[in-house]
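Summary of the model geometry
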Amino acid sequence: MYIDCHIHIALSGENTKEYREKVLQGDYLPLKSILKKYKTKNILFLRDGGDKFGISYIARELAAEEGIIYKTPVYAFSKAGSYGSFLGKSIRGMDEFSYEFKKLLKFKPDHFKLILSGIVDFDIYGRVTEELSFDFNEVYYMIQTAKDKNLSVMVHANSSRAVKTAINAGADTVEHGYYISEEELLLMAEKDVVWVPTLSPLGNLLKNYDKRFEKQMDNIKKIYNKHLENVKKALQFGVKVAVGSDAGAYKVDHVEGFFDELEHLKKTGLPEGEINEIVIKNGKKALNIDVN
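Reference entry: report on the structure contained in this document. (Residues numbered from 1 in each chain as written. Predicted model: local features only at pLDDT ≥ 70, side-chain atom pairs only at ≥ 80, totals over all residues. Heavy atoms only, no water.)

1. Quick notes on the layout of surface pockets
- There is about 610 Å³ of room inside the largest pocket.
- Along the walls of the largest pocket sit 25 residues, with Tyr-83, Ile-119, Pro-201, Asp-246 and Ala-249 positioned nearest its centre.
- If you tally residues by element for the lining of the largest pocket, the top one is helix α8 (residues 200-207), at three residues.
- Across the lining of the largest pocket, the residue classes break down as 14 nonpolar, seven polar and four charged.
- Taken as a whole, the second largest pocket encloses approximately 220 Å³ of empty space.
- Taken together, 13 residues line the second largest pocket, and the ones lying closest to its centre are Ser-12, Ile-34, Asp-253, His-254 and Glu-256. (1 Å grid on protein atoms, 1.4 Å probe; cavity = no way out; pocket = protein on both sides within 12 Å on 5 of 7 lines; lining within 4 Å. Points joined across faces, edges and corners; volume = space filled by probe spheres on them. Helix = DSSP H or I, 4+ residues; strand = E, 2+ residues; numbered from the N terminus. Nonpolar A, V, L, I, M, F, W, Y, C, P; charged D, E, K, R; others polar.)

Right, here's the structure in full:
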């Protein structure tokens, strides 16, 4: 039994537009096919990062028919004008957040998803497209509002500043976490925060030497290697690292992405048996489940 702690079922790699149009027109066969494939490969627990189209909400119902435990925030929250609008609601301030959060609760989300930063810039090493979308007080307010409703909190965060803000504001899991320092790793260990480092989006570009990014490949390799080094340190520091493939992203296929992520984790030097333990133990914590 496996757990993928970070997928996007509203995305389908290189064929997202065609796939999404079918689902939104009421053709659920492509969606059901993905879920059946997860079941065939014994990946029976999935956690989605949300989407603005309602596809992960539909997937949760269909997954139940397959005997898959499917967790979704329904949609994520991001700052208006910043990265992440395709994943959910873009808000301008806390009044708007409060209004939209009440609407979200009607869909019975399994957890709360906040997008706190941009993504890594392949052109400039060390740069994130946006370092911090909300200030600490705003992040704290949103996270604690979610926790008041007994929702665990997953936060998309890249950069030391964003990750530190997420941890100190009460995040349960940090997603991605590129360009973090030892300070954030130690903080995650201290506060028992689960880290889902999603190595596959960059690792798979390197593995397949994607010519679309040929000019940026040296930088991608440098970013990936630094991230892998941070994962190694995290394991040494006792951080609870969980497996999340970011399946649905470019070059990260659903189902196969999970096994890609395992291969990337093996590069930390961790024995396969310990990796399997991580997959289950820390994955359960990330999904807030208690099953044998």
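The discussion continues.
2. Describing the packing of helix α2 (residues 29-40) against helix α3 (residues 55-65)
- Taken N-terminus to C-terminus, the directions of α2 and α3 make an angle of 55°; their axes are 10 Å apart at the nearest point. In terms of orientation, α2 lies oblique with respect to α3. Crossing hand, α2 versus α3: right-handed. Taking contact as the criterion, the partners of Leu-31, Lys-32 and Leu-35 in α2 are, on α3, Ile-55, Ile-58, Ala-59, Leu-62 and Ala-63. (Axes fitted to C-alpha atoms, helices over the stretch in contact; angles between N-to-C directions. Parallel < 35°, antiparallel > 145°, perpendicular 65-115°, else oblique. Left-handed = near helix turned anticlockwise from the far one by under 90°. Contact = heavy atoms within 4.5 Å.)

3. Remarks on the nonpolar core
- Judged by nonpolar contacts, the single largest core of 82 residues is most densely connected at Ile-9, Leu-31, Tyr-38, Phe-112, Val-155, Met-188 and Trp-195.
- Ranked by residue count, the leading element in this core is helix α9 (residues 217-237), at seven residues.
- Those residues within four positions of Phe-112 in sequence are excluded, and the remaining contacts are Pro-73, Phe-77, Phe-97, Phe-101, Leu-104, Met-142, Ala-146, Leu-151, Ser-152, Val-153 and Met-154. (Core = buried A, V, L, I, M, F, W, Y, C linked by side-chain atoms within 4.5 Å. Buried < 20%, exposed > 50% of the residue type's maximum accessible area, 1.4 Å probe, protein only.)

4. Here's the deal with the sheet that holds strand β2 (residues 43-48)
- A sheet is described by the order of its strands in space; here three strands give the open sequence β1-β2-β3, paired in parallel fashion. The open sheet has two free edges, formed respectively by β1 (2-7) and β3 (69-71), since each of these has just one partner strand. Going from strand to strand, the sheet's axes swing by 15° on average, the running direction of each strand aside.
- The pairing of β1 with β2 spans four bridges and is parallel. Along β2, the bridge assignment pairs Asp-4 with Leu-46.
- Along the sheet, α2 makes contact with β1, β2 and β3, crossing β2 at roughly 130°. (Pairing = 2+ DSSP bridges.)

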